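# Summary of structural features
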Amino acid sequence: MPQDKRKTPITIGLLAHVDAGKTTLSEALLYRSGVLRSLGRVDHKDTYLDTHSLEKMRGITIFSKQALIGTEQLSITLVDTPGHVDFGAEAERVMPILDCAVLVISATDGVQAHTMTLWKLLERYGIPVFLFINKMDLTGADREKCLADLQKHLSPGCTDFGAGFDQIAEAAAMTDEALLENYLESGTVTVENIRELISHRRLFPCLFGSALKLDGVDEFLKILDTYAPRPLRKMDFGARVYKISRDPQGNRLTWLKLTGGELRVRELLRYVNKDAEPLEEKIVGLRLYSGEKFTAPEQIYAGQLAAVTGLSGTYAGQGLGVEKNAPAPALEPIMTYRVTILSPVDPATVLPKLRLLEEEDPMLRLVWDGGSIHIQIMGKIQLEVFRTLVKERFSLDIQLDDPRIFYKETIADTVEGVGHFEPLRHYAEVHLLMEPLKRGSGIQIATQCPTDILEAPYQNLVLTHIGEKVHRGVLIGAPITDMKITLLVGKAHLKHTEGGDFRQATYRAIRQGLMQAKSVLLEPWYRFTLILPTEQVGRAITDIRAMGGSFESPENSGALSTLTGRVPAAESGDYAQQVAAYTQGRGRLQLQPDGYDICHNPEAVTQSRGYDPEKDPENTPDSVFCAHGAGFTVKWNQVSEYMHLQSGLEKDRPPEIITRNLRLEDRELEAIMEREFGPIKTRLYRPPENRPAAEALTIRPLKQQYLIVDGYNIIFAWEDLAKIAREDLEAARRMLCDRLSSYAGYRKSRVVLVFDGYKVKGNPGEKQEYHNIHVVFTKENETGDAYIEALVAQAGGSYNVRVATSDSLVQLGSMRSGALRMSARELEEEVTRAQEEMRKHYEV
């Protein structure tokens with residue numbers, strides 16, 4: 001459907017608990033809006049959106065899909081989401097791209113546990129909600145009772161929009177004090193007033209009907225057309241990725257919503273992938289899907305959803321352009337299973353294939369552990385779906401066994417973790433403050449280390465290493481959560497610190513801190529609602545206590561009583577079936593995810609896992625120190641006796657750092673740089689002139705840093721620049737200059753970029769300024785390598801000079817002269833980090 005600029009583009013999500021009639025409503029909306037000529041039915045397996053064989057077989061929606069609907073004022077993209085609790089993560093994944101949602105409620109079932117889960121998610125993402133109370137044609141459906149139920153459990157703002165406008169206006173006025181005052185004075189409430197209340201989640205329109213019999217469907221379309229929010233769109237390009245999939249031909253599809261600007265076919269898109277690598281890729285094609293069919297426009301506009309081909313590194317939840325990434329999802333799997341391949345195939349060769357499914361459903365979370373594959377699953381239905389998908393996509397038979405609850409770990413006290421990594425010619429030391437946080441906080445990362453103790457680039461490395469991997473606890477090796485990790489102090493060596501040294505020190509510091517702390521095992525919990533005959537309440541209370549759960553006082557309503565509380569997910573198991581059995585079908589258990597909390601039986605779980613944190617080579621708490629030209633290991637509980645920095649918690653004493661008088665080297669370095677590039681406007685820091693020359697000083701690292709870059713070596717080592725250079729070398733040079741210029745400005749570093757002019761006949765050589773960096777083209781018969789080595793040799797052993805190259809000969813010459821070495825890959829990582837920091841800074 002082409003974009004009709006006379007209509008407002010809007011994205012509406014369809015959500016419901018299972019069997020509420022959501023798919024039937026989507027069919028009715030499509031039929032009454034003219035998209036379909038005939039109605040499909042779930043039991044006939046011919047619905048417009050449930051097209052996958054698994055969906056037809058099970059009669060449920062498993063994958064979110066979209067359809068295009070036109071009303072008088074709106075161009076609607078209708079996104080149908082799964083209703084089964086096992087696929088709740090799929091429903092949550094589309095929420096950040098919704099302008100509003102339609103929540104379908106069964107009139108006979110009322111508000112279910114999964115309804116509450118969806119409601120809280122919609123609240124979390126701030127999405128306006130319209131409610132369609134379905135199945136009003138069934139016996140027992142009571143309009144007034146349903147509305148009271150919605151107002152009690154969801155919001156008092158739930159309002160019957162099937163009434164006349166005057167009643168709607170009065171109900172709307174009651175939700176806003178200022179509007180009420182105006183209503184009492186003038187007696188008027190406008191459509192825009194009502195629309196604004198809906199947009200701010202103060203008012204929730206409810207309409208009653210039967211989707212199967214098309215009762216109330218036309219009225220519901222009119223309500224959406226009149227009162228749905230009209231979101232403002234940004235002028236600058238922005239988009240949010242909500243799904244990755246592949247078409248039948250294997251083409252990778254990036255599903256996104258354009259939140260601002262426009263997007264055209266063949267346009268170059270710059271973005272950063274999950275590994276923080278900058279990419280620049282061309283938009284190969286755009287697809288506007290409605291069901292299984294699509295059109296291929298040359299351009300899309302803000303507010304539209306499209307599937308894009310040509311992008312290789314995008315991921316669900318990613319923000320593009322001016323759009324920020326979506327928040328981390330609230331729903332997550334609570335079970336892990338071992339993936340056993342039922343054919344003679346190496347699991348390591350299967351893992352990359354399964355990663356494709358993980359890319360399409362990030363909640364699967366594959367883990368490679370000791371030669372076997374493990375996967376996180378939301379529930380039994382998803383387990384069966386995953387097994388079927390692996391068979392369909394890769395012709396592999398698998399078995400999912402060894403089910404286990406997915407535990408997490410946190411700490412109960414504050415500790416300082418220390419990591420030291422110093423094998424020969426390497427050096428880094430890191431001190432981290434680790435503090436417990438409230439449940440559901442995740443991992444928070446911060447620094448309070450002064451830059452005159454550890455320079456900002458090194459600090460950024462530490463912060464990156466804290467967040468780049470899942471760190472394991474020391475009780476059972478479960479992921480850690482709910483703690484704040486703060487960089488207190490750190491130390492680099494003037495000569496020997498290499499790119500990966502701070503990674504090792506950081507990992508060891510976290511682990512050493514965990515070994516000292518009082519660790520706490522966390523498990524997933526459910527909030528339950530148990531409705532059962534009053535005479536069975538005693539049996540239920542006994543069962544809940546035996547599970548390690550808690551409960552509130554029962555609510556008695558005649559023959560039935562309601563029991564609410566919390567229970568560990570590990571114990572709930574098949575209790576719903578037990579309830580049905582001992583109440584002879586009169587009882588009903590509803591479970592709602594309630595996050596992670598303290599494990600009810602930590603000793604039993606810890607003992608059953610048999611995990612020894614000191615025998616986990618991938619997560620060692622020990623440190624490595626150096627003496628007599630060789631590295632040696634120090635156990636975690638002895639690190640404090642060997643560490644080079646004093647504790648970062650001792651505020652009254654400054655961290656000990658290397659003492660040295662640097663005045664002569666500073667002047668020598670300045671003289672070299674002035675001879676090469678002219679006067680330096682900002683002088684290097686040096687101690688006051690009246691201080692005795694022989695006095696040992698506790699100093700700050702020099703503020704000014706010099707980076708010498710081997711230009712052509714870097715260009716052909718960076719994949720994107722090398723690709724450009726094969727067609728246009730000058731363009732690659734300019735791009736490198738631009739990146740280094742931005743980097744130099746942000747890092748306050750002086751950069752010398754050297755290009756080799758050795759083979760250019762008659763070349764006299766050239767030195768020029770490119771914005772804020774120095775660019776050198778060497779003369780005929782002078783290699784760039786020789787120029788760099790000569791420049792470094794003149795600088796001597798000053799720690800202010802770093803040389804970026806992957807040329808081993810240049811690295812060797814730099815090392816002999818005492819300069820710090822940096823590989824092309826390390827420079828690319830450093831420049832990328834600086835770009836990401838700049839982007840975040842400008843977004844604030």
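This one's a predicted model, so the numbers in the text were calculated from it and none came from an experiment.

Take the overall build of the protein chain next. Secondary structure assignment for the protein chain yields 25 helices and 39 strands. With 844 residues in all, the protein chain has 52% of them scored as buried.

Attention now moves to the sheet that holds strand β6 (residues 158-160). Spatially, the 7 strands line up as an open sheet ordered β2-β3-β1-β4-β5-β7-β6, and their pairing is mixed. Looking at strand neighbours, the two that pair on one side only are β2 (65-70) and β6, the edges of this open sheet. Each strand axis lies, on average, 25° off the axis of its neighbour in the sheet, ignoring direction. In the sheet, β2 pairs with strand β3 (residues 74-80) via 6 bridges, with the strands oriented antiparallel. Pairing of Leu68 across the sheet is with Thr77, part of β3.

Here strand β11 (residues 268-272) shows a buried face lined by Leu269 and Tyr271 and an unburied face lined by Leu268, Arg270 and Val272. Of the pairings in the sheet, the one linking β11 to strand β12 (residues 278-282) comprises 5 bridges and is antiparallel in character. Paired with Leu268 across the strands is Lys282, a residue of β12. Where β11 hands over to β12, the hairpin turn is made up of 5 residues, of which Ala276 adopts a positive phi near 65°.

Overall, antiparallel pairing links the 4 strands, which are arranged β19-β20-β18-β21 in an open sheet. The sheet is open, and its two edges are formed by β19 (366-369) and β21 (398-405), each paired on a single side. Each strand of the sheet is rotated relative to its neighbour by a mean of 30°, with strand direction disregarded. Here β19 pairs with strand β20 (residues 372-377) via 4 bridges, running antiparallel. Of the residues in β20, the one forming a bridge with Asp369 is Ser372. Across the sheet, helix α10 (residues 347-360) is in contact with β18 (335-341), β19 and β20; its angle to β19 comes to roughly 160°.

What follows concerns the pattern of salt bridges. Scanning all chains against the criterion turns up 42 salt bridges. With its nearest N and O atoms 2.9 Å apart, the salt bridge here joins Arg264 to Glu262. Classification of Arg264 as partly exposed rests on a relative accessible area of 40%. With its nearest N and O atoms 3.5 Å apart, the salt bridge here joins Asp402 to Arg404. By sharing partners, the salt bridges in this structure join Arg246, Arg252, Glu359, Glu360 and Arg393 into a single network.

Its place among the elements puts His420 in strand β23 (residues 415-421). In terms of polar contacts, His420 uses its side chain to reach the side chain of Glu429, at 2.5 Å. Every residue in contact with His420, bar those within four places of it in the chain, is listed here: Tyr427, Ala428, Glu429, Arg508, Ser623, Val624, Phe625 and His644.

With that out of the way, let us pick up the environment of Ala517. As for its placement among the helices and strands, Ala517 is situated in the loop between α13 (501-516) and β27 (519-533). Owing to a relative accessible area of 11%, Ala517 belongs among the buried residues under this scheme. C-alpha separation for the pair Ala517 and Val415, spaced 102 residues apart in sequence, amounts to 6.1 Å. In this view, Ala517 contacts Ile411, Asp413 and Val415; residues no more than four positions away in its chain are not counted.

Calculation criteria
Residues numbered from 1 in each chain as written. Predicted model: local features only at pLDDT ≥ 70, side-chain atom pairs only at ≥ 80, totals over all residues. Heavy atoms only, no water. Helix = DSSP H or I, 4+ residues; strand = E, 2+ residues; numbered from the N terminus. Buried < 20%, exposed > 50% of the residue type's maximum accessible area, 1.4 Å probe, protein only. Pairing = 2+ DSSP bridges. Axes fitted to C-alpha atoms, helices over the stretch in contact; angles between N-to-C directions. Contact = heavy atoms within 4.5 Å. Salt bridge = Lys/Arg side-chain N within 4 Å of Asp/Glu carboxyl O. Polar contact = N/O pair within 3.5 Å; in protein donor to acceptor, adjacent residues only side chain to side chain.

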